[in-house]
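# Structural overview for review
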Amino acid sequence: MDFLAPCAAAIREEFIMNARYAIGLIVVGCGCAGSTPSASSPPPSEPLASAEAPAPAPPAPAPLQTTPAAEPAMTANVPKLAPPETPEAIKAPSTANLVLKANAKGAQIYVCGKNKEPKAKFEWTLKAPDATLSDEAGKTLGKHYGGPTWEAADGSKIVGAMKAKVDAPDATAIPWLLLEIKSTEGQGVLSHVAWIQRVETVGGKAPADGCDKAHDGAEARIDYSATYYFYANP
């Protein structure tokens, strides 16, 4: 049996070498399998975006459709007050400033009685005006009454005294006048007025008849209108 011992040793050594070779192949095969993805392996996920990465800029907003601003309305061309054309006798002083124009509409009140002439006779004498003062738009500015007095809506009032008069262009109308202020009361639009012109008169003349002893003390109201210009000294 001793002749079999060398053969057994050789067989055992070859077996060990073959086993080592097989183990090496297995190890190499496993390494390759770990580096190559299999068909059943899920695809690698995409890398997550970094939290610090800036967000994409939103699209620029469309420009707003604005309506062009309306052009300011044209300012009304309000003419500056200008003194009226009058005869020289009733012009206001050249240094006076025109500050107000007022239209008057109302009545001239006359009373029947004896005059003071040596040969006294009955006639109509002016007692007082009674009129409303208004501007060009018809807004009430005040009133005109005995004195003669002009009183504004703000309470200021003036009393005038006639300085000059001329016949009106219309023979049926009362004369045009220039009056100088002799007293002032209150504070307001009339406070600094020093001169008044009465022009553009219509009607207002005393009745031509109807005044006699039988009508002594009777009154007559005669419709009239006029324009008054008010001036202040500098």
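No experiment lies behind these values; they were computed from the predicted model shown. Once a new chain begins, its residue numbering starts again from 1 and follows that chain's sequence as written. Side-chain atom pairs in this predicted model are given and counted only at pLDDT of 80 or more, local residue features only at pLDDT of at least 70, and totals for whole chains, interfaces and linings cover all residues. The basis for the side-chain values is all heavy atoms of the structure; hydrogens and waters are excluded.

Quick look at unusual backbone geometry now. With an omega dihedral of -10 degrees, the bond running from Gly 147 to Pro 148 counts as a cis peptide bond. Here a strand is any run of E in DSSP of at least two residues, a helix any run of H or I of at least four, and the numbering for each starts at the N terminus. Examined against the element boundaries, Pro 148 turns out to sit in the loop between β3 (140-145) and β4 (149-152). One non-glycine residue with positive phi stands out, namely Glu 200, at about 50 degrees. Residue position: Glu 200 is located in strand β7 (residues 193-203).

Quick look at the pattern of salt bridges now. A pair is scored as a salt bridge if a Lys or Arg side-chain nitrogen falls within 4 Å of a carboxyl oxygen belonging to Asp or Glu. Counting across every chain of the model gives five salt bridges. As a salt-bridge pair, Lys 101 and Glu 136 come within 3.1 Å of each other at their nearest N and O atoms. Note that Lys 101 is positioned in strand β1 (residues 97-114) and Glu 136 in the loop between β2 (122-134) and β3, a separation of 35 residues in sequence. The cut-offs for exposure are 20% and 50% of the maximum accessible area for each residue type, with area from a 1.4 Å probe on protein chains only; residues under the lower value are buried, those over the upper are exposed, and the others partly exposed. Taking the relative accessible area as the measure of exposure, Lys 101 reaches 25% and is therefore partly exposed. Residue class for Glu 136 comes out exposed when judged on its relative accessible area of 60%. Measuring nitrogen to oxygen at the nearest pair gives 3.1 Å for the salt bridge that ties Arg 221 to Asp 130. Of this pair, Arg 221 sits in strand β8 (residues 219-232) while Asp 130 is found in strand β2, placing the two residues 91 residues apart along the sequence. On the basis of relative accessible area, Asp 130 is assigned to the partly exposed category, the value being 35%.

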